[in-house]
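One letter stands for each residue in the lines below.
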Amino acid sequence: MRSTPKPRDHHYENLNRIERLDRKIQDIGSKIHKDEDSRKITCEVFDEITLLTLYKLVNKKIINSMGGSISTGKEANVFLAGRTDNDGIETGAAVKIYRLRTGNFTTMSEYILGDPRFSNIRRTHKNIIFAWTKKEYSNLTRAREAGIPCPKPFAFERNILIMEFLGKNDVPYPQIRQKLPQKPDETYQDAIDLIRDLYQKAKLVHGDLSEYNILTDHGSLILIDMAQAVTPEHPKAYNFLFRDIRNINRFFAPMCKTTDEHKLFHNIVGEKFFEM
Ligand SMILES: Nc1ncnc2c1ncn2[C@@H]1O[C@H](COP(=O)(O)OP(=O)(O)O)[C@@H](O)[C@H]1O
Ligand SMILES: [Mg+2]
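Residues numbered from 1 in each chain as written. Chains lettered and ligands numbered in written order. Predicted model: local features only at pLDDT ≥ 70, side-chain atom pairs only at ≥ 80, totals over all residues. Heavy atoms only, no water.

Undergrad: For the pattern of salt bridges, give the residues involved together with the corresponding values.
TA: This structure, assessed with the given rule, holds 11 salt bridges. Residues Lys56 and Glu157 are paired through a salt bridge, measuring 3.1 Å at the closest nitrogen-oxygen approach. Highlighted residues: Lys56 in helix 3 (residues 48–59) and Glu157 in strand 4 (residues 153–157), separated in sequence by 101 residues. Assessed through its relative accessible area of 36%, Lys56 is described here as partly exposed. As a salt-bridge pair, Glu157 and Lys60 come within 3.0 Å of each other at their nearest N and O atoms. Here Glu157 is found in strand 4, whereas its partner Lys60 is found in the loop between helix 3 and strand 1 (65–72), with 97 residues between them in sequence. (Salt bridge = Lys/Arg side-chain N within 4 Å of Asp/Glu carboxyl O. Helix = DSSP H or I, 4+ residues; strand = E, 2+ residues; numbered from the N terminus. Buried < 20%, exposed > 50% of the residue type's maximum accessible area, 1.4 Å probe, protein only.)

Undergrad: Outline the sheet that holds strand 1, supporting the account with residue identities and numerical values.
TA: One key point about sheets: their strands pair by backbone hydrogen bonds, in either a parallel or an antiparallel sense. The five strands are arranged 1-2-3-5-4 in an open sheet whose pairing can be described as antiparallel. Here the strands that pair on one side only, and so sit at the sheet edges, are strand 1 and strand 4. Mean inter-strand twist for the sheet, computed between neighbouring axes without regard to direction, equals 25°. Of the strand pairs in this sheet, strand 2 (residues 76–84) and strand 3 (residues 90–98) are connected by nine bridges, and their pairing is antiparallel. Residue pairing in the sheet places Ala76 in a bridge with Tyr98 of strand 3. Running at roughly 40° to strand 5 (residues 160–164), helix 3 makes contact with strand 1, strand 3, strand 4 and strand 5 of the sheet. (Pairing = 2+ DSSP bridges. Axes fitted to C-alpha atoms, helices over the stretch in contact; angles between N-to-C directions. Contact = heavy atoms within 4.5 Å.)

Here it is in structure tokens:
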């Protein structure tokens with residue numbers, strides 16, 4: 001009969017596995033990041049808490065391997081990962097890791113503390129980042145339920161979000177700024193419809209909408225980067241909505257005829273808003 005592992009053995013086994021994962025990640029880091037600056041970022045991403053969290057997600061079988069880097073942003077890094085879906089099929093996943101060391105803390109606080117869903121968290125640096133990650137997961141879930149095209153979220157844990165990988169053969173779909181629309185009039189209308197549906201059906205305002213946060217797959221649009229999205233109760237929701245509309249107009253203006261931003265805002269929020 002096998003004896004139950006002593007807590008101490010268990011501890012060592014865990015450490016061993018984490019070390020292996022750690023080495024693997026460093027490996028990835030050195031393969032992708034040849035220069036000093038990028039190597040520094042790799043160290044900044046994979047601190048101890050983040051490694052433990054990744055390990056937990058591997059243990060829960062949400063992902064089973066880490067792939068290359070997709071993006072290094074201001075607050076987060078996105079990586080490709082391997083995942084086995086419920087039917088046992090190997091697929092990809094996108095792993096978004098919010099950096100605990102270099103998070104853009106002030107902006108996050110401003111967005112998150114005005115949101116009634118997240119206003120009662122303890123305001124420590126880490127807690128804000130964990131809540132931020134959870135918020136992106138909740139927003140994606142909410143948007144998907146309303147039929148908005150965006151990545152399907154699989155899981156979140158502390159500062160890590162795992163979601164559907166949007167791309168083909170390990171190559172992510174391009175951002176709309178990288179692959180300009182062939183029929184800008186139609187694509188512009190699609191983008192406006194997305195803002196409207198997100199507001200009217202999902203009751204969300206994206207809050208950081210631009211040509212960077214819309215991916216395109218053969219002309220159809222997919223919204224990403226939803227952590228900062230807020231509900232209409234947020235004190236700045238309507239400022240954010242107006243800014244989103246303005247950004248989309250700015251991007252499309254050189255390519256096609258755009259509708260006046262005030263008129264669009266009016267159409268999206270409806271008459272009732274102005275009667276309040
Ligand atoms: N689910 C995904 N599938 C494929 N690529 C993704 C996915 N999520 C993000 N990306 C890529 O990573 C980039 C950064 O992701 P984003 O969520 O916008 O983070 P950031 O907060 O750094 O802007 C995106 O522009 C896109 O190219
Ligand atoms: Mg982005």
